[in-house]
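Okay, here's what each chain looks like letter by letter:
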Amino acid sequence: MARGKIQIKKIENSTNRQVTYSKRRNGLFKKANELTVLCDAKVSIIMVSCTEKLHEYISPSITTKQFFDQYQKASGIDLWNSHYEKMQEELRQLKDVNTNLRRQIRQRLGDCLENVGFEELLDLERESQEAVYIIRERKLKVIGNKLETCKKKVRSAQDVYKKLMHEFDIRGEDPQYGLIEDAGEYEALYGYPPHIAAAPRILTLRLQPNHPNDLHAATSDLTTYALLG
């Protein structure tokens, strides 16, 4: 059964278009390889799909650069000259921009002002004042941020202090850290003079010795402080 003639026009369906492109690309590369082998020809094919994917074929006996060099030699067309001239023009423009920027930087440092006109000097002064204002605002902002950080640290330290004082008050209710309200009983027990016994309250702290085996440390583990009313 003979094949029907295919109408050559753009395939609207993207999936069918991609499938057709892939099949025909492989067929074209196969024909190029056959031409290289059968005829000892140098063949180069460059293809870019509608999805911007690059596909290429080059005969194994030659590189892409060698192929284009032979093309330039055979056709008498310099492919790189226009591109080189364009690159030279871009380089010149970049050098001019770099020179202008360097001159502006030196002028803002007070250098290279000999050939600057009055209007340019006014503009330079205005720009410098604006820059100073921006820098000053940034400096004040940084100082403000550091001040807020210091305030937060102070508030945090105050919270820790209040927490420790609260824990200290709670420990004051513990028997080992208690207050002896009856001074007479304390005097009778430890033989303190009457003028000490007459104090309103005596604070007694029980301290653990640092050296349990030390005979001197074992004599007493009570430390007392009179609270002045």
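The structure presented is a predicted model; accordingly, all values stated were derived computationally and were not measured. (Residues numbered from 1 in each chain as written. Predicted model: local features only at pLDDT ≥ 70, side-chain atom pairs only at ≥ 80, totals over all residues. Heavy atoms only, no water.)

A look at the overall build of the chain
A count of helices and strands for the chain gives 6 helices and 5 strands. For the chain, the succession of helices and strands along the chain, N to C, is α-β-β-α-α-α-β-α-α-β-β. For the chain, the residues scored as buried account for 11% of the 229 residues in total. Sequence separation of at least 24 residues holds for 28% of the intrachain contacts in the chain that already meet a minimum separation of 6. Roughly 19,900 Å² of accessible area belongs to the chain as shown, and the carbon and sulfur atoms make up 57% of that amount. (Helix = DSSP H or I, 4+ residues; strand = E, 2+ residues; numbered from the N terminus. Buried < 20%, exposed > 50% of the residue type's maximum accessible area, 1.4 Å probe, protein only. Contact = heavy atoms within 4.5 Å. Areas by Shrake-Rupley, 256 points an atom, 1.4 Å probe, with all protein chains shown as cover.)

Notes on the nonpolar core
If you look at the biggest cluster of nonpolar residues, it comprises 7 residues: Tyr-21, Phe-29, Ala-32, Val-43, Ile-45, Met-47 and Tyr-57. When contributions to this core are tallied by element, the ones reaching two or more residues are helix H1 (14-39) and strand S1 (44-48). The greatest single-element share of this core, amounting to 3 residues, is contributed by H1. Once you skip the residues sitting within four places of it in the chain, Phe-29 turns out to touch Ile-45, Met-47, His-55, Glu-56 and Tyr-57. (Core = buried A, V, L, I, M, F, W, Y, C linked by side-chain atoms within 4.5 Å.)

Details of the pairing of strand S2 (residues 54-58)
On S2, burial follows the alternation: His-55 and Tyr-57 on one face are buried, whereas Leu-54, Glu-56 and Ile-58 on the facing-out side are not. Counting the residues between successive antiparallel strands, the hairpin from S1 to S2 contains 5 residues, one of them, Glu-52, with a positive phi of roughly 65°. (Pairing = 2+ DSSP bridges.)

So, the environment of Ile-62
Within the element layout of this structure, Ile-62 appears in the loop between S2 and helix H2 (64-75). As for Ile-62 and Val-43, which are separated by 19 residues in sequence, their C-alpha atoms are 8.9 Å apart. Non-local contacts of Ile-62, meaning those with residues more than four positions away in its chain, are made with Lys-42, Phe-67 and Gln-70.

Treat this as a map of the structure, not an account of what it does.
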